[in-house]
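# Descriptive analysis of the structure
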Amino acid sequence: MSWVTRLFNDYFTSHDKLVDVNRDVNGVGTFERYIGVAGLMLDEEIVPRIEQLQTSTLDPYTAQDRYVSIMETALGVPINIFTDVVDKRRLVAQFRTFTQYKGTTKGYELMYNLLGVVVDSIIVNFPVGQLDLGTFDNPDRTFDMACSGCVTYEVELSGNAQLTAELSRALLSIEQFNRPVDAVMLDLRYNGQSLILLGDFNDDFNDDFYTG
């Protein structure tokens, strides 16, 4: 029995099976047979197309290539990590896991591992100071009339791949995605080479930040 037939089951019971003079030996009346044909057409013709639409647009492993980029945008995937669509599909499929660890050491490690890059160390520098205690005996003291300064940090990476402009953008994209809201990155190094020249890394992933 199709899902359409089930929608009218109560009606069939109260009407077709009791008063329809055209009901068959099983008590199935004219309307129920008609709805059954319509439901069968939906099951065989429409439902498979709806399921195909889902696999073609929503499943990262089976979606058409053009929808992979749409899924990346919807999820907030850093766009400069991969260029190959196969790698993009894998990233989209695993992205929920990455967002769970965003801003943590494990978050860095998981995403850099996609590129075969190892996080050797993350050096964190906490701001020096104390709250205002009503005395002036500490020159480094921070008055409590304002928020404490941001934490600064440096990331040291290593890998076997040669540093290119494309890899540099991917490394910086991952760093920016994982950067904690209360932190400022001072330096990002790959095999000892700094990827930052001047100032903060901007949203445009400009090639000026590539030092290779």
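The preceding data block contains the structure.
The following refers to the structure shown. Just so you know, these numbers come straight off a predicted model, no measurement behind them.

### Quick word on the environment of Asn191
Secondary-structure assignment places Asn191 in the loop between strand 3 (183–190) and strand 4 (193–194). Setting aside residues no more than four positions away along its own chain, Asn191 makes contact with Leu157, Ser158, Gly159 and Ala161. One polar contact links the side chain of Asn191 to the main-chain carbonyl oxygen of Gly159, over a distance of 2.9 Å.

### A few points about the sheet that holds strand 4
Taken in spatial order, the 4 strands line up as 1-2-3-4 in an open sheet, and their pairing is mixed. Of all the strands in the sheet, the pair left with one neighbour each is strand 1 (118–125) and strand 4. Note: strand 1 against strand 2 (residues 151–158), 7 bridges, orientation antiparallel. The residue of strand 2 that forms the bridge with Ile122 is Val155. Of the strands in this sheet, strand 1, strand 2 and strand 3 are in contact with helix 6 (residues 105–113), which crosses strand 1 at around 150°.

### Re the pattern of salt bridges
In this structure the tally under the stated criterion is 7 salt bridges. Put simply, Asp65 and Arg89 hold a salt bridge, and the shortest N to O gap is 2.5 Å. Of the two residues, Asp65 is situated in helix 4 (residues 65–75) and Arg89 in helix 5 (residues 85–100); the sequence distance between them amounts to 24 residues. By relative accessible area, Asp65 is classed as partly exposed at 47%. Its relative accessible area of 12% is what places Arg89 among the buried residues. Overlapping salt bridges bring together Glu154, Glu156, Asp187 and Arg189 as one network.

### Description of the nonpolar core
Formed by 27 residues in total, the largest nonpolar core has its most connected members in Leu91, Met111, Tyr112, Leu157, Leu171, Leu188 and Tyr190. Contributions of two or more residues to this core are made by helix 5, helix 6, strand 2, helix 7 (165–178) and strand 3. Top element by residues in this core is helix 7. It accounts for 5 residues.

### Here's the deal with the packing of helix 6 against helix 7
Between helix 6 and helix 7, whose axes approach to 10 Å, the crossing angle comes to 155°. As judged from the angle between their axes, helix 6 and helix 7 are roughly antiparallel. Relative to helix 7, the crossing made by helix 6 is right-handed. Contacts from Gly107, Tyr108, Met111 and Tyr112 of helix 6 reach helix 7 at Leu171, Ile174, Glu175, Phe177 and Asn178. The residue makeup of the contact of helix 6 with helix 7, split by class, is 6 nonpolar, 2 polar and 1 charged.

Quick notes on the rules
- Residues numbered from 1 in each chain as written.
- Predicted model: local features only at pLDDT ≥ 70, side-chain atom pairs only at ≥ 80, totals over all residues.
- Heavy atoms only, no water.
- Helix = DSSP H or I, 4+ residues; strand = E, 2+ residues; numbered from the N terminus.
- Contact = heavy atoms within 4.5 Å.
- Polar contact = N/O pair within 3.5 Å; in protein donor to acceptor, adjacent residues only side chain to side chain.
- Pairing = 2+ DSSP bridges.
- Axes fitted to C-alpha atoms, helices over the stretch in contact; angles between N-to-C directions.
- Salt bridge = Lys/Arg side-chain N within 4 Å of Asp/Glu carboxyl O.
- Buried < 20%, exposed > 50% of the residue type's maximum accessible area, 1.4 Å probe, protein only.
- Core = buried A, V, L, I, M, F, W, Y, C linked by side-chain atoms within 4.5 Å.
- Parallel < 35°, antiparallel > 145°, perpendicular 65-115°, else oblique.
- Left-handed = near helix turned anticlockwise from the far one by under 90°.
- Nonpolar A, V, L, I, M, F, W, Y, C, P; charged D, E, K, R; others polar.

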